[in-house]
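# Working through the structure, step by step
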Amino acid sequence: MVNEERENKLKIETKKNNKMPKLGVNIDHVATLRQARGGIEPEPVFAAFICESCGANSIVAHLREDRRHMKERDLYILKETVKSRLNLEMSTSTEIVDIACKVKPDQATLVPEKRQEITTEGGLDILSNFKKIKITIAKLKKQGIVVSLFIDPDKSQIDASKKVGANMIELHTGRYANAKNPTAKDKYFKEIQDAVNYARKKGLIVNAGHGLDYYNVSRIAQIEGIEELNIGYSIVCRAVLVGLDRAVREMQTLIS
Ligand code: PXP
């Protein structure tokens, strides 16, 4: 499917579903568990299959430069087997961009990446990396891949995202998720709400994610105009206790 067709499909889906965000399940931490023993279990591809069969609207996987969880072979098999949409989280490193161009996921979400971090710490700084991001977006779009930029809920980054050629952004919900008291939670919630409205007025498709769990997701899901919520860690943690199918269904229920 060429890029324009994919974007039109997303726009139509956005119109149909403007009340309830979709759920993208990030399966990185299934691969983190596999990595603990360096073997072949649990298989992330099976996890993707279960998530989809329980209603996940997309499967998200991050191929890190240090390959700490997902491997290239996972991406190739996911590309063959995912029936919904495959969203590849990735940095702008040339090696990873070349792999993305070969795998051709439905969507690529550009994220900042530092070797030492435990998880993606902040949003991309589009302003300081404008040229590199612009070149990366052009390369990916040429392969028919829809490109999203993971940014902090900040007007200058939203403006820059539009300017650099993105049609889609993902707002970092980490500050809201990690807020230690109700006042801070309200402040960061409002920041996200304002950013969603601002970005939508600019014509961007808006996703959100990071740090969302069974306790904090409902409030974010009620913000009108969010296309998709991308959630990983909390779902995989819950899956260890109650099973992946139930963990995904429960998250879907909270979102809707
Ligand atoms: N969105 C992006 C861009 C991410 O980097 C991550 C973490 O891999 C997530 C969403 C999911 O975050 P969490 O695992 O905290 O739900």
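In the block above lies the structure referred to throughout.
The rules behind these values
- Residues numbered from 1 in each chain as written.
- Predicted model: local features only at pLDDT ≥ 70, side-chain atom pairs only at ≥ 80, totals over all residues.
- Heavy atoms only, no water.
- Helix = DSSP H or I, 4+ residues; strand = E, 2+ residues; numbered from the N terminus.
- Buried < 20%, exposed > 50% of the residue type's maximum accessible area, 1.4 Å probe, protein only.
- Contact = heavy atoms within 4.5 Å.
- Lys, Arg positive; Asp, Glu negative; His and termini not counted.
- Charge placed at Lys NZ, Arg CZ, Asp CG, Glu CD.
- Salt bridge = Lys/Arg side-chain N within 4 Å of Asp/Glu carboxyl O.
- Near = heavy atom within 4 Å.
- Polar contact = N/O pair within 3.5 Å; in protein donor to acceptor, adjacent residues only side chain to side chain.
- Areas by Shrake-Rupley, 256 points an atom, 1.4 Å probe, with all protein chains shown as cover.
- Pairing = 2+ DSSP bridges.
- Axes fitted to C-alpha atoms, helices over the stretch in contact; angles between N-to-C directions.

Counting its regular elements, the chain contains 12 helices and 8 strands. With the C-alpha coordinates aligned to their principal axes, the bounding extent of the chain is approximately 45 × 40 × 40 Å. The 256 residues of the chain split such that 52% are buried. Relative to all contacts within the chain whose residues are 6 or more apart in sequence, the contacts with residues 24 or more apart total 68%. In the chain, 42 side chains carry a positive charge and 34 a negative one; their mean positions are 3 Å apart.

This next bit is on the environment of Gly24. Examined against the element boundaries, Gly24 turns out to sit in strand E1 (residues 22–26). In sequence terms Gly24 and Val147 are 123 residues apart; their C-alpha atoms lie 15 Å from each other. In this structure, Gly24 is in contact with Ser58, Val60, Glu228, Leu229, Asn230 and Ile231, ignoring residues within four places of it in sequence.

For the structure on display, the rule yields 14 salt bridges. With a closest N to O distance of 2.6 Å, Asp74 and Arg34 form a salt bridge. Taken together, the positions of Asp74 in helix H4 (residues 72–81) and Arg34 in helix H2 (residues 28–37) put the pair 40 residues apart, joining distant regions of the chain. You can call Asp74 buried: its relative accessible area is 0%. With a closest N to O distance of 3.0 Å, Arg73 and Glu43 form a salt bridge. One end of the pair, Arg73, is in helix H4; the other, Glu43, is in the loop between H2 and helix H3 (44–53), with 30 residues separating them in the sequence. Through salt bridges with shared partners, a single network forms among Arg34, Glu43, Arg73 and Asp74.

Taken together, 13 residues form the shell around the ligand, and within it Glu89, Glu170, Gly211, Gly232 and Tyr233 come nearest. One nitrogen or oxygen atom from the main chain of Gly232 is found 2.8 Å from an oxygen atom belonging to the ligand. Here the ligand, which alone exposes 390 Å², has 94% of that area covered by the protein.

For the rest of this paragraph, the subject is the side chain of His69. Considering the arrangement of structural elements, one finds His69 in the loop between strand E2 (58–62) and H4. Within the structure, the side chain of His69 is placed 3.5 Å from the backbone oxygen of His62, a separation counted as a polar contact.

Whether parallel or antiparallel, the strands of a sheet pair through hydrogen bonds between backbone atoms. Taken together, the 8 strands give a closed barrel; going around it, the order is E1-E2-E3-E4-E5-E6-E7-E8, and neighbouring strands pair in parallel fashion. For this sheet, the mean angle separating the axes of adjacent strands, direction not counted, is 25°. Bridge count for strand E5 (residues 146–151) against strand E6 (residues 168–172) is 4 bridges, and the pairing is parallel. Residue pairing in the sheet places Leu149 in a bridge with Ile169 of E6.

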